[in-house]
Amino acid sequence: MIETHKKIIQDLRQITGNKNLLTKQWNKQTYSKGWRYGSGEALAVASPGSLLEIWKLLEVCVLNDVIVLMQAANTGLTGGSTPYGNDYDRPIVIINTMRIKDIHLIDHGKQIIGLAGSTLFDLEKKLLPLGREPHSVIGSTSIGASIIGGICNNSGGSLIQRGPAYSEMALYAKVNENGRLELINDLGIHLGKTPEEILENLQLKNYKTSDVINTKKRASDDGYIDILRNINSNTPSRFNSDPRLLYGASGSAGKIAVFAVRLDSYEKPKKNKIFYLGSNEADVFWQIRRDILSSFKSLPTSGDYLHRDCYDAAKKYSKDTFIVLDKLGTNFLPT
Ligand SMILES: Cc1cc2nc3c(=O)[nH]c(=O)nc-3n(C[C@H](O)[C@H](O)[C@H](O)COP(=O)(O)OP(=O)(O)OC[C@H]3O[C@@H](n4cnc5c(N)ncnc54)[C@H](O)[C@@H]3O)c2cc1C
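Quick caveat: nothing in here was measured; it's all calculated off a predicted structure. (Residues numbered from 1 in each chain as written. Predicted model: local features only at pLDDT ≥ 70, side-chain atom pairs only at ≥ 80, totals over all residues. Heavy atoms only, no water.)

(A) Region of the structure containing the pattern of salt bridges. Going through the model one piece at a time under the given rule, you end up with 12 salt bridges. When the shortest N-O distance is used, the salt bridge between Asp-11 and Lys-7 registers 2.9 Å. Highlighted residues: Asp-11 and Lys-7, both in helix α1 (residues 3–16), separated by four residues, approximately one helical turn. By relative accessible area, Asp-11 is classed as partly exposed at 22%. According to the relative accessible area criterion, Lys-7 is partly exposed, its value standing at 43%. Taking the shortest distance from any N to any O, the salt bridge between Arg-162 and Glu-133 comes out at 2.6 Å. With Arg-162 in the loop between α5 (147–153) and β8 (170–175) and Glu-133 in strand β7 (residues 132–133), this residue pair connects regions lying 29 residues apart in the sequence. (Salt bridge = Lys/Arg side-chain N within 4 Å of Asp/Glu carboxyl O. Helix = DSSP H or I, 4+ residues; strand = E, 2+ residues; numbered from the N terminus. Buried < 20%, exposed > 50% of the residue type's maximum accessible area, 1.4 Å probe, protein only.)

Below, the structure is given as structure tokens:
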């Protein structure tokens, strides 16, 4: 290993401690290979234990011109959660945020602050006693996914009423036009002046209700349903890098480092009913979709599709997963 790389690893290790900096090939595998695709070499995988540690890791990386790859649960399907190939011009450090799991409730749980590695599961559990639920619940995203990974990917397009994950309020770091690391506090909470102060105050929940600003900034996508209703539009309802959904952390897909987001939660429906429809004709679904979207007074919470091959496979395989989730619930799963 070349000397400069050794020095970088040393500096990173001083921040995270030995245990939380992986450099051995075998140990890095889980983090450098994507769920569906994407894999490549990383100099190191760092698992910081606090927001301030993330900031310090970023400082070392920016100073040494190292590529930073922010990662949460690594369930994303875009190839953006891991290195992609081995032809990068600089070394890569993966910063995995999953040790930083805190969630703060504000305004009696109507909004939440999710720190870097907080998960949708934990949020679901936290909101349940308040009769509320997060943007995505199990079934609308994959098991173990983080809150912030969803925001960065604008994930959740099958959620008809709620739309893709979106917020205009976040705390994040970016490299500015002068090549300097800069912390942007768009969270709408007075947390202090310096990055260190801001990050520590947030981590320790060291702010008062009066520090939380009531802003007009949106903490969810409130326009999706109208777009879906417009069935004769000549543009698709949802597509990658839709400028409508790019704002700060939202849709940033790893281009900045997100420390926290502020999001709306949703009133939990009193009753749910699931309808399964089957047909051999794709046109039947096309017609049903158009009829529902154009003429139903209230729209379904979400709508998803299952290809015949998946249906056939599910008839035979994976019943164990279904039974485990059905009988034991999701509480015991690692989040
Ligand atoms: C089997 C399966 C089913 C799925 N089903 C759905 C589905 O139904 N609907 C849906 O929307 N998605 C689905 N997904 C995709 C995936 O679960 C979501 O995209 C998820 O929200 C990603 O969360 P994550 O914590 O795994 O993020 P990651 O995969 O770790 O990261 C996602 C992106 O966010 C960036 N990122 C993560 N954390 C930060 C940070 N702190 N700062 C800056 N950038 C960051 C990463 O660089 C990456 O670009 C599915 C995935 C799988 C494997």
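(B) Focus on the nonpolar core. Formed by 39 residues in total, the largest nonpolar core has its most connected members in Leu-51, Ile-113, Leu-171, Leu-202 and Phe-259. Secondary structure elements with two or more residues in this core: α1, β2 (44–46), α3 (51–63), β4 (92–96), β6 (111–115), β8, α6 (195–203) and β10 (257–264). Ranked by residues supplied to this core, first place goes to α3 with eight residues. Of the residues that make up this core, three or more belong to each of domain 1 (3–96) and domain 2 (103–267). If near-sequence neighbours (up to four positions away) are discounted, Leu-171 is found in contact with Leu-183, Ile-184, Asn-185, Leu-187, Ile-198, Leu-199, Leu-202, Ala-257, Val-258, Phe-259 and Ala-260. Within the second largest apolar cluster, 19 residues are counted, among which are Ala-165, Ala-170, Val-258 and Leu-263. (Core = buried A, V, L, I, M, F, W, Y, C linked by side-chain atoms within 4.5 Å. Domains from an automatic or database assignment. Contact = heavy atoms within 4.5 Å.)

(C) Summary view of the packing of α1 against α3. Running from N to C, α1 and α3 cross one another at 170°; their axes reach a closest spacing of 9 Å. Considering their axes alone, α1 and α3 lie roughly antiparallel with respect to each other. Packed against α1, whose contacting residues are Ile-8, Asp-11, Leu-12, Ile-15 and Thr-16, the element α3 presents Glu-53, Lys-56, Leu-57, Val-60 and Cys-61 at the interface. In the contact of α1 with α3, the residues fall into six nonpolar, one polar and three charged. (Axes fitted to C-alpha atoms, helices over the stretch in contact; angles between N-to-C directions. Parallel < 35°, antiparallel > 145°, perpendicular 65-115°, else oblique. Nonpolar A, V, L, I, M, F, W, Y, C, P; charged D, E, K, R; others polar.)

(D) Representation of the sheet that holds β8. Pairing in this open sheet of five strands is antiparallel, and the strands run β5-β6-β10-β8-β9 from one edge to the other. Where the open sheet ends on each side, the last strands, each with one partner, are β5 (103–106) and β9 (181–185). Each neighbouring strand pair of the sheet contributes to a mean axis angle of 20°, computed without reference to strand direction. In terms of strand pairing, β8 meets β9 through five bridges, oriented antiparallel. Bridge pairing in β9 links Tyr-172 to Ile-184. With respect to the sheet, α3 is in contact with β6, β8, β9 and β10, its orientation differing from that of β9 by roughly 150°. The strands touched by α6 are β5, β6, β8, β9 and β10; relative to β9, the strand with the most contacts, the crossing angle is about 45°. (Pairing = 2+ DSSP bridges.)

(E) Molecular detail of the site of the ligand. The immediate surroundings of the ligand are formed by 29 residues, with Met-70, Thr-75, Ser-81, Ser-146 and Gly-156 found nearest. In this structure, an oxygen atom belonging to the ligand sits 2.7 Å away from a side-chain N or O atom of Ser-81. Within the side chain of Ser-155, one N or O atom sits 3.3 Å away from an oxygen atom of the ligand. In isolation the ligand offers 970 Å² of accessible surface; the protein chains occlude 87% of this area. Mapped by element, the contributors of at least two residues to the shell around the ligand are β3 (67–71), α5 and β10. (Near = heavy atom within 4 Å. Polar contact = N/O pair within 3.5 Å; in protein donor to acceptor, adjacent residues only side chain to side chain. Areas by Shrake-Rupley, 256 points an atom, 1.4 Å probe, with all protein chains shown as cover.)

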